[in-house]
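Summary of structural features
Listed here are the chains, written in short residue letters.
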Amino acid sequence: MSTEEIYQNNPLHGTSLEQVVTELVEHYGFEILFAYLKLACFKNRPTIESSIKFLKKTEWAREKLEAFYLYKLKNLPKPDDSEYDKPPRDRIVPLTDKPREPRELSLEDAERVEYNKQKKNAARAIRQKRSTDFNPWGV
């Protein structure tokens, strides 16, 4: 089986940014998209057209949205380490991984996810500070 055949298993293959945004908005709505992705294009007077305009200009935001599309709407298993660093459109999705029913998302769940992220980031900052404060030679 060729790499091209495996690559074509990626739900983003042949899908335009407009299709991705439209599917996500139709299924989840702008409020849920903002709650999970924290992209301002989904908060202040959101429209599909204005969101696409922003996402075309902003690569990191587009990749964040495309990953959300793959792993929330298409509910694919998370990528392995070799694929994780690649942009979502370049990831090879194993032929055994097929899209499933979209994940059920809520504003309450988005708050919980955000809280857990903040907790992990705070713990990471404390560990980094401790490692830079430690001086075994007392200098």
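In what follows, the accompanying structure is described.

Now for the overall build of the protein. From N to C terminus, the protein includes 7 helices and 0 strands. Counting only residues that meet the buried cut, the protein has 32% of its 139 residues in that class. Restricting the contact set of the protein to residue pairs at least 6 apart, pairs at least 24 apart contribute 68%. Here the protein has roughly 9,500 Å² of accessible surface; of this, 52% comes from carbon and sulfur atoms.

Below, the discussion takes up helix 5 (residues 59–73). Compared with an ideal rise of 1.5 Å per residue, which puts 15 residues at 21 Å, helix 5 spans 20 Å between its outermost C-alpha atoms and is within 8% of the ideal. Taken as a whole, helix 5 has its buried residues at A61, L65, E66, F68, Y69, L70, Y71, K72 and L73. Check the buried side of helix 5 and you find it contacts helix 2 (17–27), helix 3 (30–37) and helix 4 (48–57). One or two residues past the end of helix 5 sits N75, with phi positive at roughly 55 degrees.

If you walk through the whole model with that rule in mind, you get 3 aromatic pairs. With 5.9 Å between their ring centres and 70 degrees between their planes, Y28 and F68 make a pair best called edge-to-face. Within this pair, whereas Y28 is found in the loop between helix 2 and helix 3, its partner F68 is found in helix 5, the two being separated by 40 residues in sequence. Overall, the relative accessible area of 11% leaves Y28 in the buried class. With a centroid separation of 5.9 Å and an interplanar angle of 50 degrees, the aromatic rings of Y36 and F68 are classed as tilted. Highlighted residues: Y36 in helix 3 and F68 in helix 5, separated in sequence by 32 residues. Each member of the pair, Y36 as well as F68, carries the same accessibility label: buried. Counting every residue linked through ring pairs, the aromatic cluster contains Y28, Y36 and F68. The positively charged end of K38 is found above the aromatic ring belonging to F34, 5.4 Å away from the centroid.

The next point concerns the packing of helix 2 against helix 4. Packing of helix 2 against helix 4 brings their axes to within 10 Å, and their N-to-C directions diverge by 130 degrees. Relative to helix 4, the element helix 2 lies oblique. The way helix 2 lies across helix 4 gives a crossing that is right-handed. Facing L17, E18, V21, T22 and V25 of helix 2, the residues of helix 4 in contact are I48, S51, I52, L55 and K56. Its residues assigned to classes, the contact of helix 2 with helix 4 comprises 6 nonpolar, 2 polar and 2 charged.

The rules behind the values
Residues numbered from 1 in each chain as written. Predicted model: local features only at pLDDT ≥ 70, side-chain atom pairs only at ≥ 80, totals over all residues. Heavy atoms only, no water. Helix = DSSP H or I, 4+ residues; strand = E, 2+ residues; numbered from the N terminus. Buried < 20%, exposed > 50% of the residue type's maximum accessible area, 1.4 Å probe, protein only. Contact = heavy atoms within 4.5 Å. Areas by Shrake-Rupley, 256 points an atom, 1.4 Å probe, with all protein chains shown as cover. Expected span 1.5 Å × (residues − 1). Phe/Tyr/Trp six-rings, centres within 6.5 Å; stacked < 30°, edge-to-face > 60°. Lys NZ or Arg CZ within 6 Å of the ring centre and 35° of its normal. Axes fitted to C-alpha atoms, helices over the stretch in contact; angles between N-to-C directions. Parallel < 35°, antiparallel > 145°, perpendicular 65-115°, else oblique. Left-handed = near helix turned anticlockwise from the far one by under 90°. Nonpolar A, V, L, I, M, F, W, Y, C, P; charged D, E, K, R; others polar.

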